[in-house]
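Coordinate analysis (summary)
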Amino acid sequence: MSHTLPEVRGTLRAGKLLSELTWLRVGGPADWLFGPADLDDLAGFMAALDPSVAVFPMGVGSNLIVRDGGLRAVVIKMGRGFNHIEIEGNRVRAGAAALDAHVARKAADAGIDLTFLRTIPGAVGGAVKMNAGCYGRYIADVFVSAKAVTRGGEIITLGPDDLKFEYRQSALPEGMVLVEATFEGPGAAPEALHARMEEQLAKRDATQPTKERSAGSTFRNPAGYSSTGQADDSHALKAWTVIDEAGMRGARRGGAQMSEMHSNFMINAGGATAADLEGLGEEVRKKVYENSGITLEWEIMRVGEPTP
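Model, not experiment: these values are computed from the prediction. (Residues numbered from 1 in each chain as written. Predicted model: local features only at pLDDT ≥ 70, side-chain atom pairs only at ≥ 80, totals over all residues. Heavy atoms only, no water.)

What to know about the pairing of strand β16 (residues 265-268)
Quick reminder of the rule: Burial classes follow relative accessibility: with a 1.4 Å probe on protein chains only, a residue under 20% of its type's maximum area counts as buried, one over 50% as exposed, and anything between as partly exposed. Runs of E in the DSSP output that reach at least two residues are strands. Runs of H or I that reach at least four are helices, and both are numbered from the N terminus. At least two DSSP bridges between two strands are required for those strands to pair.
Residues F265 and I267 point to one face of β16 and M266 and N268 to the other, with burial holding for every one of them. Bridging between strand β13 (residues 214-217) and β16 involves 2 bridges; their strand directions are antiparallel. For S214, the partnering residue across the bridge sits in β16 and is I267. Here strand β15 (residues 256-258) runs beside β16; their pairing, made up of 3 bridges, is antiparallel. Bridge pairing in β16 places A256 opposite N268. Between the end of β15 and the start of β16, which pair antiparallel, lie 6 residues.

Topic: the pairing of strand β7 (residues 91-95)
By the bridge criterion, 4 bridges tie strand β6 (residues 85-88) to β7 in an arrangement that is antiparallel. Its bridge partner lying in β7, I87 is registered against V92. Between the end of β6 and the start of β7, which pair antiparallel, lie 2 residues, with G89 showing a positive phi angle near 65°.

Let's talk about the pattern of salt bridges
In plain terms, the rule: Salt bridge, as applied in this entry: a Lys or Arg side-chain nitrogen positioned within 4 Å of an Asp or Glu carboxyl oxygen.
Within this structure, the stated rule accounts for 19 salt bridges. Residues D38 and R9 are paired through a salt bridge, measuring 2.7 Å at the closest nitrogen-oxygen approach. Note that D38 is positioned in the loop between β2 (30-35) and α1 (39-48) and R9 in the segment before β1 (11-14), a separation of 29 residues in sequence. On the accessibility criterion, D38 (27% relative accessible area) is partly exposed. For R9, a relative accessible area of 53% translates into the label exposed. A cluster of three or more residues bridged by salt bridges with shared partners is formed by E86, E88, R93 and E180.

Some thoughts on the nonpolar core
What counts is decided by this rule: In this description, a nonpolar core means a group of buried Ala, Val, Leu, Ile, Met, Phe, Trp, Tyr and Cys residues linked to one another through side-chain atoms lying within 4.5 Å. Contact between two residues is taken to exist if any of their heavy atoms lie within 4.5 Å; hydrogens are not considered.
Of all hydrophobic cores here, the largest spans 33 residues; its most connected members are V103, L114, V128, I139 and F183. Listing elements by their share of this core, those giving two or more residues are β7, α2 (100-109), α3 (124-129), α4 (139-142), β10 (143-149), β12 (177-184) and α6 (190-207). With near-sequence residues (within four places) excluded, L114 lies in contact with V92, V103, A104, A107, R137, V142, F183 and G185. With 24 residues, the next largest nonpolar core counts L24, F219, L280 and I294 among its residues.

Some words on the side chain of S259
Counted only if it meets this: Pairs of N or O atoms are called polar contacts if they sit within 3.5 Å, as long as, within protein, a hydrogen donor faces a hydrogen acceptor (for residues adjacent in sequence, only side-chain-to-side-chain pairs).
Along the chain, S259 falls in the loop between β15 and β16. We classify S259 as buried; its relative accessible area is 3%. Within the structure, S259 has its side chain in polar contact with the backbone nitrogen of H262 (distance 3.2 Å). Beyond its immediate sequence surroundings of up to four residues, S259 is in contact with P209, R249, G250, F265 and I267.

Comments concerning unusual backbone geometry
The backbone phi angle of R25 is positive, close to 60°, even though this residue is not glycine. Along the polypeptide, R25 turns up in the loop between β1 and β2. The phi angle at K164 is positive, at roughly 45°, despite the residue not being glycine. By the element assignment, K164 lies in the loop between α5 (160-163) and β12.

What about the sheet that holds β12?
How we decide: Fitting a line to C-alpha atoms yields each axis, with helices limited to the stretch in contact; the angle taken between N-to-C directions then spans 0 to 180 degrees.
Ordered by their spatial adjacency, 5 strands build an open sheet running β6-β7-β12-β10-β11, and the pairing between neighbours is antiparallel. At either end of the open sheet lies a strand with only one pairing partner, and these are β6 and β11 (155-158). Adjacent strand axes in the sheet meet at a mean angle of 20°, parallel and antiparallel pairs treated alike. Along the sheet, α1 makes contact with β10, β11 and β12, crossing β10 at roughly 55°.

Overview of the packing of aromatic side chains
For clarity, the cut-off: Centres within 6.5 Å make a pair out of two Phe, Tyr or Trp rings, where for Trp the six-membered ring is used; the pair is then stacked when the planes are under 30 degrees apart, edge-to-face when over 60, and tilted otherwise.
Summed over all chains, the structure comprises 4 aromatic pairs. Judged by centre distance (6.5 Å) and plane angle (90°), the rings of Y138 and Y167 are edge-to-face. One end of the pair, Y138, is in strand β9 (residues 137-138); the other, Y167, is in the loop between α5 and β12, with 29 residues separating them in the sequence. Look at Y167 and you get buried, because its relative accessible area is 16%. Taking 5.1 Å as the distance between ring centres and 75° as the angle between the ring planes, the aromatic pair formed by F143 and F165 counts as edge-to-face. Of the two residues, F143 sits in strand β10 while F165 sits in the loop between α5 and β12, which places them 22 residues apart along the sequence. For F165, a relative accessible area of 18% corresponds to the buried category.

Purely spatial values, then, with no claim about function.
Take a look at the structure:
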């Protein structure tokens with residue numbers, strides 16, 4: 001990158017390998033990796049940055065494939081200055097870098113039910129952007145507002161109407177960086193909330209490859225909603241069902257594999273490249289379409305350039 005970047009109080013590193021930061025452990029270098037010291041540092045950087053330079057906000061890399069050629073952008077990764085969790089009445093205000101699981105636990109301590117966040121891998125920023133959800137509840141159900149920094153460095157507040165939540169997506173403009181979100185959940189006894197989360201964790205560990213290198217669900221459910229976790233939950237249009245019916249459970253490509261334990265989880269079984277993972281995913285989509293006429297949509301975000 002030939003542009004001169006603004007001075008910062010945080011960290012700014014050139015050529016950082018993003019494979020070191022993603023859960024799947026794949027990805028080439030970012031032109032730059034910026035870790036802002038605080039909100040003012042981030043806003044000042046965005047305001048001074050050449051508008052032609054792309055920016056990419058990155059959370060904990062839990063739902064992400066960065067292609068092997070890397071990312072021609074300034075990757076913005078927020079850390080300790082953005083991981084606060086504060087309780088105000090029945091509302092929880094959390095920084096974009098706060099882990100979903102930590103938010104759920106702290107909310108439960110205060111008697112606020114955000115238990116569905118407990119088993120969602122990742123941090124608040126990504127959860128809001130993707131309208132994360134499980135057990136029939138979504139970010140949209142508890143979202144009050146968010147604070148964000150625009151591409152021009154302005155600090156703004158966004159409401160539900162601004163984000164236009166849909167299944168696994170929002171209308172957050174490209175290049176805008178979420179820095180904080182406020183949620184409001186129903187009240188319940190802390191003991192009951194913690195017990196429910198323990199049950200959810202046990203169920204997850206029994207049905208998902210939590211000890212493998214994965215990025216959570218690979219594809220969105222064709223039905224357009226997440227699993228409810230209830231006994232009457234229908235499996236007819238679940239992604240894993242149509243993958244199984246297409247014979248792709250356990251399918252491999254290089255070091256990438258569709259998990260034998262849960263066929264909608266793609267894992268790095270050892271030495272996988274981003275091309276292996278994305279190529280396997282596309283093969284699964286092709287086989288499912290040929291078998292059922294259903295076009296699976298990626299839930300994992302894929303960014304960057306392939307190896308030349």
